[in-house]
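Residues per chain are reported as follows:
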Amino acid sequence: MCVIGAIEPSLRRVEMERVKRQRPENLDAYDFVLRSLPFVYAQMPKDSAIAIPLLEEALKLEPSYGAAHALLSFCLHAKWARGGLHQKDRISAIQHARAAIALGNDDATALATAAFVIALDDHDSAITLAWMGKTDLAAERAQQALRLSPFDTITRCWAYHALAIAHFHASRYSDAATAARSAIDSNPAFSVPRAVLVAALVGLGRVDEARVATQSLLEHEPSFTIAGLSQVTELEPAVFRRLAAAWREVGLLE
């Protein structure tokens, strides 16, 4: 087990609790970033709306703060992808992601976050392997992430989310459902793993359960549509088409 992977999430939580106890007038750029983290990683528009002003304050204090640019790009991506598909949010997400790459060359997390946003919002740079249909490699990388950082809920959510997509694409529907549930457990606010769970249950022929999971999805993201998600994730049409077909079976809106 990677010692750093085990310790780092605990240190982050301690730092986040520390900054909550500080008086607002004593906050510096790093503290604003720490305050934003619970809302950034929820990955939903209502949470991003709380994080964005905090990150903007961090950048007012330190305009060259690469991590703040990366996290702001992540929030703007969530606002675009699940908050109305407004092009100004997508453009701003890309701008801050590119700023993070230019300024955050000593911060691996900032670079990875920025690259992810660019991959989905600008369809440039490295592309998420699972959405590309590179099933075996996606699963390998996800398992490696889980080994290296087994206690970090952020890593776990993304790793299990990738596994769910990869398993679904390979018609391993039971494994896809298990992985999707693990992603949901790691980040209950994030809606997209719930959509993958719906598709996996349809694949298993458990349509009644899929309809219940659909209601849960819509409670978390009432504006969910197949077309809306396709604008963000349809990097390889063959992957997305099969998911979309399953969603249509339970009546999710185009």
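This text goes with the structure placed above it.
All figures in this text were calculated on a predicted structure; none of them were measured in a lab.

Chemist: Looking at this model, I keep getting lost on the overall build of the chain. Mind explaining?
Modeler: If you tally the helices and strands in the chain, you get 14 helices and 0 strands. Taken from N to C terminus, the helices and strands of the chain fall in the order α-α-α-α-α-α-α-α-α-α-α-α-α-α. Across the 254 residues of the chain, 50% fall into the buried class. Here the analysis covers contacts within the chain between residues at least 6 apart in sequence; of these, 61% occur between residues at least 24 apart. Surface summary for the chain: the accessible area is close to 11,700 Å², and the carbon and sulfur share equals 56%.

Chemist: Is there a simple way to explain the environment of Arg181 in this structure?
Modeler: Topologically, Arg181 is positioned in helix H10 (residues 173-186). Using a relative accessible area of 35% as the deciding quantity, one classes Arg181 as partly exposed. C-alpha of Arg181 to C-alpha of Pro193: the two residues are 12 residues apart in sequence and 7.5 Å apart in space. The contacts of Arg181, once residues within four sequence positions are left out, are Leu197, Leu201, Arg206 and Glu209.

Chemist: How should I be thinking about the pattern of salt bridges in this particular structure?
Modeler: Oppositely charged side chains are able to pair whenever their charged atoms sit close together. Going through the model one piece at a time under the given rule, you end up with 7 salt bridges. Here Lys60 makes a salt bridge to Glu57, at a shortest N to O gap of 3.2 Å. Note that Lys60 and Glu57 are positioned in helix H3 (residues 45-61) at a spacing of 3 residues, about one turn of the helix. In this structure Glu57 comes out as partly exposed when scored by relative accessible area, which is 31%. The residue Arg248 makes a salt bridge to Glu254 at a minimum N-O spacing of 2.3 Å. In this structure Arg248 comes out as partly exposed when scored by relative accessible area, which is 44%. Salt bridges sharing partners connect three or more residues here, namely Lys79, Lys88 and Asp89.

Chemist: For this particular structure, what's the right way to read the side chain of Ser48?
Modeler: The residue Ser48 is located in helix H3 in this model. With residues up to four places along the chain from it excluded, the contact list for Ser48 reads Phe39, Cys75 and Ala78.

Chemist: So what exactly am I meant to see when it comes to the packing of helix H9 (residues 153-169) against helix H11 (residues 192-203) here?
Modeler: To characterise two packed helices, one gives the angle between the axes of the helices and the distance between these axes. Interhelical geometry of H9 versus H11 gives an angle of 25° and a closest axis separation of 10 Å. In terms of their interaxial angle, H9 and H11 are classed as roughly parallel. Here H9 and H11 pass one another in a crossing that is left-handed. Contacts from His161, Ala164, Ile165 and Phe168 in H9 reach Val192, Pro193, Val196, Ala199 and Ala200 in H11. Within the contact of H9 with H11, the residues separate by chemical class into 8 nonpolar, 1 polar and no charged.

The rules behind these values
- Numbering of residues begins from 1 in every chain and follows the order in which that chain's sequence is written.
- With pLDDT at 70 or above as the cut-off, local features in this predicted model cover only qualifying residues; side-chain atom pairs require 80 or more to be listed or tallied, and sums for whole chains, interfaces and linings still use all residues.
- Only heavy atoms go into the side-chain values, all of them from the structure, while hydrogens and water stay out.
- Helical segments are the DSSP runs of H or I of at least four residues, strand segments are the runs of E of at least two, and each set is numbered from the N terminus.
- For every residue, the accessible area (1.4 Å probe, protein chains only) is compared with the maximum for its type, and the residue is labelled buried under 20%, exposed over 50%, or partly exposed between those bounds.
- Working rule for contacts: check all heavy atoms of both residues, and any pair within 4.5 Å makes them a contact.
- Exposure was quantified through the Shrake-Rupley algorithm and a 1.4 Å probe, taking into account, for residues, occlusion by the shown protein chains and nothing else.
- Criterion for a salt bridge: a side-chain nitrogen of Lys or Arg within 4 Å of a carboxyl oxygen of Asp or Glu.
- Each axis is a line fitted through C-alpha atoms, taken for helices only over the stretch in contact, and angles between the N-to-C directions span 0 to 180 degrees.
- With respect to orientation, any angle under 35 degrees is reported as roughly parallel, any angle over 145 as roughly antiparallel, any angle of 65 to 115 as roughly perpendicular, and every other angle as oblique.
- Crossings are assigned a handedness: left-handed for a near helix turned anticlockwise from the far helix by less than a right angle, right-handed for a clockwise turn.
- Note on residue classes: Ala, Val, Leu, Ile, Met, Phe, Trp, Tyr, Cys and Pro are nonpolar, Asp, Glu, Lys and Arg are charged, and everything else, Gly too, is polar.

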